[in-house]
Amino acid sequence: MKALVYGGPGVKAWKDVPDPVITGPGDAIVRVDTTTICGTDLHILKGDVPAVQPGRILGHEAVGTVTETGSSVSGISPGDRVIISCIKSCGHCINCRKGLFSHCLGSEGQVGTGWIFGHLIDGTQAEYVRVPYADNSLHKLPAGVSDDEAVMLSDILPTAFEIGVLDGRVAPGDIIAVVGAGPIGLAAMATARLCGASTIIAIDPNDSRLARAADFGATHTVNPGNPQWASEVLALTDGAGVDVAMEAVGLPETFEMALRLVRPGGSVANIGVHGKPVELPLQDLWIRNINISMGLVNTNTTPMLLRLVAQHKLPADKFATHHFPLDGFMDAYDTFSRATETEALKVVLSRNHRG
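Residues numbered from 1 in each chain as written. Predicted model: local features only at pLDDT ≥ 70, side-chain atom pairs only at ≥ 80, totals over all residues. Heavy atoms only, no water.

Moving on to the pairing of strand 2 (residues 11–16). Taken together, the six bridges between strand 1 (residues 2–8) and strand 2 define a ladder with antiparallel strand orientation. Paired with G8 across the two strands is V11, which belongs to strand 2. In this antiparallel pair of consecutive strands, strand 1 and strand 2, the connection spans two residues, and G10 shows a positive phi of 80°. (Pairing = 2+ DSSP bridges. Helix = DSSP H or I, 4+ residues; strand = E, 2+ residues; numbered from the N terminus.)

Moving on, we come to the packing of aromatic side chains. If you walk through the whole model with that rule in mind, you get three aromatic pairs. Ring centres 5.2 Å apart and planes at 35° place the aromatic pair W14 and F329 in the tilted group. Pair noted here: W14 is in strand 2 and F329 is in helix 12 (residues 329–337), with a separation of 315 residues, a long-range link. An angle of 45° between the planes, with centres 4.6 Å apart, marks the rings of F216 and F319 as tilted. Remark: F319 occurs in the loop between helix 11 (302–310) and strand 14 (320–325) and F216 occurs in the loop between helix 7 (207–213) and strand 10 (220–222); sequence separation between them is 103 residues. For the pair shown, F216 and F319 are each scored as buried. Members of the aromatic cluster, connected to one another through ring pairs, are W14, F329 and Y333. Across the ring face of Y128, the terminal group of R351 is positioned such that the distance to the ring centre comes to 5.6 Å. (Phe/Tyr/Trp six-rings, centres within 6.5 Å; stacked < 30°, edge-to-face > 60°. Buried < 20%, exposed > 50% of the residue type's maximum accessible area, 1.4 Å probe, protein only. Lys NZ or Arg CZ within 6 Å of the ring centre and 35° of its normal.)

It is worth spelling out the environment of G328 at this point. Within the secondary structure, G328 is located in the loop between strand 14 and helix 12. Each C-alpha atom, one on G328 and one on V21, is 25 Å from the other, the two residues being 307 residues apart in sequence.

Relative to the helices and strands, Y128 is located in strand 6 (residues 128–131). Considered as a pair, Y128 and M304 are 176 residues apart in the sequence and their alpha carbons are 27 Å apart. Apart from the residues within four sequence positions on either side, Y128 is in contact with M1, P20, I29, V30, R31, V32, T67 and R351. (Contact = heavy atoms within 4.5 Å.)

Quick look at the packing of helix 5 (residues 156–166) against helix 11 now. The interhelical angle for the contact between helix 5 and helix 11, taken along N-to-C directions, is 115°, at an axis separation of 10 Å. In the crossing of helix 5 with helix 11, the sense of the turn from one axis to the other is right-handed. Of the residues in helix 11, those touching helix 5 at L157, P158 and F161 are T302, M304, L305 and V309. A breakdown of the residues in the contact of helix 5 with helix 11 according to their chemical character gives six nonpolar, one polar and no charged. (Axes fitted to C-alpha atoms, helices over the stretch in contact; angles between N-to-C directions. Left-handed = near helix turned anticlockwise from the far one by under 90°. Nonpolar A, V, L, I, M, F, W, Y, C, P; charged D, E, K, R; others polar.)

For Q125, the location among the structural elements is in the loop between helix 2 (94–97) and strand 6. Ignoring any residue separated from it by four or fewer positions in sequence, one finds Q125 in contact with A3, L4, W14, T35, T36, I37, D41, I57, L58, G59, F329 and Y333.

Turning to the packing of helix 5 against helix 6 (residues 183–192), a few remarks are in order. Two packed helices can be described by the angle between their axes and the distance between those axes. At a minimum axis distance of 8 Å, the contact between helix 5 and helix 6 shows a crossing angle of 70°. The angle between the axes of helix 5 and helix 6 places the two elements in the roughly perpendicular class. Handedness of the crossing formed by helix 5 with helix 6: right-handed. Contacts between helix 5 and helix 6 involve I156, L157, T159, A160, F161 and V165 from the first element and P183, I184, A187, A188, T191 and A192 from the second. Its residues assigned to classes, the contact of helix 5 with helix 6 shows 10 nonpolar, two polar and no charged. (Parallel < 35°, antiparallel > 145°, perpendicular 65-115°, else oblique.)

Dropping the structure here:
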């Protein structure tokens, strides 16, 4: 089969590799019908994730069709159309029983690490992929949910909802600010409506992304290029600050922006992946009774989010801005890596691409 293989920092190639095979009774082999690229993949290609070794097939998001299952798989059958979750779940360890799939103790990939696809085992940017713990790590798709919608449930929708909305303690009537209007930030805006947020403020220096934010639930937009940007946000809160500030970029500056906006007694939910240390001014924060949360997605909300997507209550299809054939990874990566120029949110690569 063909797959996108990591060759070290800055090096990737779409090339022939051996077909995946069943290695354990809980495995399934899935034919990849649709996949996408994540910002984490760009970090890997920069060399920011040293655990990813040369020769690894990249990718952790996909929708596909099951072609083969191991002897102990009972809930998934060949022919099933499925979402591949970005996080593994053995289903029986102490962490999985608590819904903490991100720290699954199953031995596949690494004990205690839930993110394994395209990281510790071969991933989804390929024609076929082996999925361990198939009964728990695959989600059967109902009729009527498109591949474009379903692939957003592999990662960005559950990540934004769990790490941004739930961990941020969004409550009915809350005023929230989302710093960063990329795919994760927009997903946070879309899913914040599920918990009753009344005002959703999108903050981003890219006017094109701000223009799209209303499609994902934003009620107001603010460009931080304006020297008065913080005053603009606070004016929407009667000067009190937002109830929940979400950081969806992963930079020290954007985390500091979130801290600046939150009211006393509010929450800062860090969704972004940070590659540098961030200063935490506890001498100023302790007296403000602020809750700060962060984490890796568990994907335990995926079944619920899938039901909402099936009922067209989440705008999942609007994330897919650019489409490519499954062998078009070089062009897709180029487009996604230049998102400011290309106005890309999520690039989608499909086996049945029609040009």
